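# Structural overview
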Amino acid sequence: NLDIPSNEGKIIIYCENQNAHLFNKLGFHNIHFIPETNSNGIYIKVQANPTHFGVRDRDYLTDNEVIKLKGLHENYFILDYYCFENYLYHPDNLVELELDNFNKDIYIDELINQKKSKYDSIVAKLINSRNSYQEFKLPDVKIREKNDLIICENLKSDELEIFLKSFSLKTEFDRTVISKYQLKDADLIKTDWFRTKIEKLLSL
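Values in this document were obtained by computation on a predicted structure and should not be read as measured data. Starting afresh in each chain, residues are numbered from 1 along the sequence in its written order. pLDDT decides what is reported in this predicted model: residues at 70 or higher carry local features, side-chain atom pairs at 80 or more are listed and counted, and totals for whole chains, interfaces and linings draw on all residues regardless. Only heavy atoms go into the side-chain values, all of them from the structure, while hydrogens and water stay out.

## A word on the overall build of the chain
The condition that has to hold: Numbering goes from the N terminus for both helices and strands, where a helix is a DSSP run of H or I of at least four residues and a strand is a run of E of at least two. Here the radius of gyration uses the C-alpha set of atoms, whereas the globule reference equals 2.2 Å times the residue count to the power 0.38. When accessible area is computed with a 1.4 Å probe and restricted to protein chains, residues below 20% of their type maximum are described as buried, those above 50% as exposed, and intermediate ones as partly exposed. Every residue pair with non-hydrogen atoms within 4.5 Å of one another is taken to be in contact. For accessible areas, the Shrake-Rupley method is used with a probe of radius 1.4 Å. Any residue's cover is judged against the shown protein chains and nothing else. Only four residue types enter the tally: Lys and Arg on the positive side, Asp and Glu on the negative side; His and the chain ends are excluded. Where a charge sits is defined by one atom per residue type, namely NZ (Lys), CZ (Arg), CG (Asp) or CD (Glu).
A count of helices and strands for the chain gives eleven helices and five strands. Over its C-alpha atoms the chain spans a radius of gyration of 17 Å, differing by no more than 12% from the 17 Å that the globule rule assigns to 204 residues. Overall size of the chain, expressed as C-alpha extent along the three principal axes, is 50 × 40 × 25 Å. A buried classification covers 48% of the 204 residues belonging to the chain. Sequence-distant contacts, at least 24 apart, represent 65% of the contacts inside the chain between residues at least 6 apart. With an accessible surface of roughly 10,600 Å², the chain has 47% of that area assigned to carbon and sulfur atoms. Distance from the positive charge centre (27 side chains) to the negative charge centre (33 side chains) of the chain: 3 Å.

## Looking at the side chain of R130
The line we're drawing: Whenever two N or O atoms come within 3.5 Å, that pair is a polar contact, provided that in protein one can donate a hydrogen and the other can accept it, and provided that, for residues adjacent in sequence, both atoms are side-chain atoms.
Along the chain, the position of R130 falls in helix α7 (residues 119-131). Among the residues examined, R130 registers a relative accessible area of 0% and is labelled buried. In terms of polar contacts, R130 uses its side chain to reach the backbone carbonyl oxygen of Y60, at 2.6 Å. Discounting chain neighbours no more than four positions away, the residues touching R130 are Y60, L61, T62, E65, F136, R144, E145, D148 and I151.

## Some remarks on the packing of aromatic side chains
Stated precisely, the cut-off is as follows: Here is the rule: rings of Phe, Tyr and Trp (six-membered ring for Trp) pair when centre to centre is within 6.5 Å. Planes less than 30 degrees apart are stacked, more than 60 are edge-to-face, and the remainder are tilted.
One pass over the full model with this rule turns up 14 aromatic pairs. For the pair Y81 and Y87, a centre-to-centre distance of 4.8 Å together with 55 degrees between the ring planes defines the contact as tilted. Accessibility assignment for this pair places Y81 and Y87 in one class, buried. Among the aromatic residues, those joined into a ring-pair cluster are F23, F33, Y81, F84, Y87, W193 and F194.

## Remarks on the environment of D174
Relative to the helices and strands, D174 resides in the loop between α9 (160-163) and α10 (185-188). A relative accessible area of 42% places D174 in the partly exposed class. Along the sequence, D174 and L111 sit 63 residues apart, while their C-alpha atoms lie 9.0 Å from each other. At 2.6 Å, the side chain of D174 forms a polar contact with the side chain of T176.

## Some words on the pairing of strand β3 (residues 31-36)
Defined as follows: Strands are treated as partners if at least two bridges between them are detected by DSSP.
Bridge analysis of strand β2 (residues 10-16) against β3 gives six bridges, and the strand direction is parallel. Bridging from a neighbouring strand, Y14 pairs with I34 of β3.

## Notes on unusual backbone geometry
The backbone of N30 shows a phi angle near 65 degrees, a positive value even though the residue is not glycine. For N30, the position within the fold is in the loop between α1 (19-25) and β3. Phi is positive for N101, close to 60 degrees, though the residue is something other than glycine. Tracing the backbone through its elements, the reader meets N101 in the loop between α5 (91-96) and α6 (104-117).

## Structural notes on the pattern of salt bridges
The criterion, for reference: Counted as salt bridges are all cases of a side-chain nitrogen of Lys or Arg within 4 Å of a carboxyl oxygen of Asp or Glu.
Applying the stated rule across the entire model yields 16 salt bridges. Put simply, K165 and D63 hold a salt bridge, and the shortest N to O gap is 3.1 Å. Taken together, the residues K165 in the loop between α9 and α10 and D63 in helix α3 (residues 63-72) connect sequence positions 102 residues apart. Overall, K165 belongs to the buried group, its relative accessible area being 18%. Ionic pairing is found between E172 and K125, a salt bridge with its closest N-O pair at 2.6 Å. Linking E172 in the loop between α9 and α10 with K125 in helix α7, this pair joins segments that are 47 residues apart in sequence. When salt bridges with common partners are traced through the structure, they connect E65, R130, R144 and D148 into a single cluster.

## Points about helix α11 (residues 192-201)
At 3.6 residues per turn, the α-helix brings residues three or four places apart onto the same side. Put simply, the rule reads: The directions considered for the arc are those from the helix axis to the C-beta atoms.
If you check which residues of α11 are buried, you get W193, F194, I198 and L201. For α11, the arc enclosing every buried residue in end-on projection is 125 degrees, short of the 170-degree limit, so these residues lie on one face. Relative to its buried face, α11 has exposed residues pointing more than 90 degrees away, namely D192 and K200. Considering only its buried residues, α11 is in contact with α1, β4 (53-56), β5 (76-78), α4 (85-88), α5 and α10. Remark: S203 follows α11 within two positions and exhibits a positive phi of approximately 55 degrees.

Pasting the structure below:
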């Protein structure tokens, strides 16, 4: 029975940048998404007021850090994958589109190869990225893992559901392999797979 801030009677959920436009296209009943500059801005809002809801990219958070944050804030949702685009370009999402001559196995092999080729450059910037997270700056609660490089275990794995936790299909993935399909975000969110994933994330 929270006094939830509303927009025309709708529950407000803050999310990162342009993701709000796409989330709103899903037409979830009684929910309105509002863009926030970045994950730090989202966290400041949900931390300051439990009636504010927020959803952020997972980025370089570990499994244990995600569990701690969810336990600390019931109003805070964290993507299962590194970023929003990991849902859009997930092999299972593309399969549902029934693209001409799309081969899921070949596509996954391409993701694995690109992930391996980017490993060193990702590790080089990983710690600096994690240093910027607002969640790690709480004075009384220790969220951060002692070993930042635990994230590397995700990146070393060739299991899709594991490495997509820490490999960005937004910034690290060269989409040349699927460029011929001219995929648009507005089409990629229309699948049952995508909708089901987001409903589960938000516990709808």
